Amino acid sequence: MMYSRECSEYFNAKQKAARRIYKGWIKPADLPTNAEIREQVQLLARISEGDQGYSQRLLEMRLRAAWWLQKLAPFHPKLIGSVLTGSIRNGSDIDIHVFAASPESIAVVLDEQGVYYHMERKRVEKNGEQRVFTHLHVRDQFPVELTVYHPSLLGFNFRSSITGKPIERAGIGELERVIAMEHDVDVNGQAEQLQSMDACPDRSNVFLSLLVPLENVRQSPRYHPEGDALFHSMQVFALAKDVMPYDEEFLLAALLHDVGKAIDPDDHVASGLEALEGFISERTAWLIQHHMETHKIHDRTIGARRRKRLAAHPWFEDLCLLGDCDRAGRVPGAEVDEPEEALQYIEQLAEMFE
């Protein structure tokens, strides 16, 4: 249950499993310890992914965690959870405690890194007191959850709400020692790799950061009765997925064709292509570049010479298909995916055909 993520806490997982296996009341003392469960989760992960694959993924997550600890150094970050203990499973987060008087000061660092994130405030009762916890969920190479505490709690001994024991945590120095001992890797010797993480942001984050602002782009009701530019883009993506479900380049063109509208509405094609440069293929870029001309073709207002030149291009039929999707994606109240779901679908395609 822990491995399949039916439950995220040891206590709930133990109780749920016990009810499935036994009838009647089970004494808590008869249940396995958290350490025993962690051992089994690790074993299942190794069986599922293979020892080498599991170790490599754990190392990659720890290196990424080290990268984040360096970036968040002014906020005294501490790594906690499965990445530190080595009990990762499918979907594990990189969990980090940070200390700041205001979550917005951490958001500034995230903005500088160009990552997509959202802030969540949770009201919970702890030790008879109502408290508000702020989490920043970061979409990254691996999902990252930052829990923000006031600097006055920097030396506080955090304890698990389940076991009552101190939570294992590590700063950058401790994490580097864990990586050196368990993976025989010198983090300082990985400086070039860590720097390359800076230079190569995850493309899904880039796409999402360009899509989200489209929600605030209102369009002419005459041409776009469906509403904002994001809703339109998601409709175009859905239609493209129906006609060419396995064509990653075509799907990206459909999803991203209007991202420039939130940058420069006067020339959304050129501004969109500039923002996407280096993250999309030549074919995707060509389809976006010429998608407005499909409407002139449809209305028969394009010049004969220009139409002939486009028609001679090997991607012309795909361009016309994109134009069909663009014109059809203007239905008020249509059902669409969230941008994150669309990007996840495209990433799965990329992995499938690697």
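Residues numbered from 1 in each chain as written. Predicted model: local features only at pLDDT ≥ 70, side-chain atom pairs only at ≥ 80, totals over all residues. Heavy atoms only, no water.

By the naming in an unreviewed UniProt entry, the protein chain is HD domain-containing protein, taken from Novipirellula caenicola.

Across its full length, the protein chain carries 16 helices and six strands. Among the 354 residues that make up the protein chain, the fraction classed as buried is 43%. (Helix = DSSP H or I, 4+ residues; strand = E, 2+ residues; numbered from the N terminus. Buried < 20%, exposed > 50% of the residue type's maximum accessible area, 1.4 Å probe, protein only.)

So, on to the packing of helix 11 (residues 268-276) against helix 12 (residues 282-289). Relative to each other, helix 11 and helix 12 sit at 165 degrees, their axes nearing to 10 Å. Looking at the two axes, helix 11 sits roughly antiparallel to helix 12. The interaxial crossing formed by helix 11 with helix 12 has right-handed handedness. Residues Val269, Leu273 and Leu276 of helix 11 form the contact with helix 12, whose participating residues are Ala285, Ile288 and Gln289. The residue makeup of the contact of helix 11 with helix 12, split by class, is five nonpolar, one polar and no charged. (Axes fitted to C-alpha atoms, helices over the stretch in contact; angles between N-to-C directions. Parallel < 35°, antiparallel > 145°, perpendicular 65-115°, else oblique. Left-handed = near helix turned anticlockwise from the far one by under 90°. Contact = heavy atoms within 4.5 Å. Nonpolar A, V, L, I, M, F, W, Y, C, P; charged D, E, K, R; others polar.)

What follows is about the nonpolar core. Across soluble globular proteins, you tend to see nonpolar side chains buried next to one another. Within the largest apolar cluster, 40 residues are counted, with the highest numbers of intra-cluster contacts made by Leu211, Leu255, Leu256 and Leu276. Elements with a minimum of two residues in this core: helix 8 (203-211), helix 9 (229-243), helix 10 (248-256), helix 11, helix 12, helix 15 (316-328) and helix 16 (339-352). With seven residues, the top contributor of residues to this core is helix 10. Not counting the four nearest positions on each side in its chain, Leu256 is found in contact with Phe207, Leu211, Leu276, Ile280 and Ile288. Membership of the second largest hydrophobic core comes to 38 residues, among which are Leu58, Ile88, Ala107 and Val148. (Core = buried A, V, L, I, M, F, W, Y, C linked by side-chain atoms within 4.5 Å.)

In this section: the packing of helix 10 against helix 15. Remark: helix 10 packs on helix 15, axes separated minimally by 11 Å, with the N-to-C direction vectors making an angle of 40 degrees. With respect to helix 15, the element helix 10 is oriented oblique. Of the two possible hands of crossing, helix 10 and helix 15 adopt the one that is right-handed. Seen from helix 10, the contacting residues are Phe250, Ala253 and Ala254; seen from helix 15, they are Asp318, Leu321 and Leu322. In the contact of helix 10 with helix 15, the residues fall into five nonpolar, no polar and one charged.

Among the nine residues of helix 8, eight are classified as buried, and the element is accordingly described as predominantly covered. Of all the residues in helix 8, the buried ones are Arg203, Ser204, Asn205, Val206, Phe207, Leu208, Leu210 and Leu211.

Positionally, Gln70 belongs in helix 3 (residues 51-71). Using a relative accessible area of 38% as the deciding quantity, one classes Gln70 as partly exposed. For the pair Gln70 and Gly171, spaced 101 residues apart in sequence, the C-alpha to C-alpha distance is 9.5 Å.

A few words on the environment of Phe142. Tracing the backbone through its elements, the reader meets Phe142 in the loop between strand 4 (129-139) and strand 5 (144-149). With relative accessibility at 11%, the residue Phe142 sits in the buried group. Taking C-alpha positions, Phe142 is 6.7 Å from Asp93, a pair spaced 49 residues apart along the chain. Ignoring any residue separated from it by four or fewer positions in sequence, one finds Phe142 in contact with Glu60, Met61, Arg64 and Ile94.

Quick look at the packing of aromatic side chains now. Per the counting criterion, the structure on display carries eight aromatic pairs. An angle of 65 degrees between the planes, with centres 6.0 Å apart, marks the rings of Trp286 and Trp315 as edge-to-face. Of the two residues, Trp286 sits in helix 12 while Trp315 sits in the loop between helix 14 (304-311) and helix 15, which places them 29 residues apart along the sequence. Linked through ring pairs, Phe99, Phe133, Tyr149, Phe156 and Phe158 together constitute an aromatic cluster. Arg64 extends its terminal NZ or CZ atom over the ring of Trp67, reaching a point 3.9 Å from the ring centre. Looking at Lys241, its charged tip hangs above the ring of Tyr345, at a distance of 4.6 Å from the centre. (Phe/Tyr/Trp six-rings, centres within 6.5 Å; stacked < 30°, edge-to-face > 60°. Lys NZ or Arg CZ within 6 Å of the ring centre and 35° of its normal.)

Looking now at the confidence of the model for the protein chain. Residues at a pLDDT of 70 or more form 81% of the protein chain, whose mean pLDDT is 84. In the model, residues 1-5 has pLDDT below 50 throughout and makes 25 contacts with residues more than four positions away in sequence or in other chains. (pLDDT = per-residue confidence, 0-100.)

Moving on to the pairing of strand 5. With six of six residues buried, strand 5 is to be regarded as a mostly interior element. Taking every second residue as pointing to the same face, both faces of strand 5 are buried, with Val144, Leu146 and Val148 on one and Glu145, Thr147 and Tyr149 on the other.

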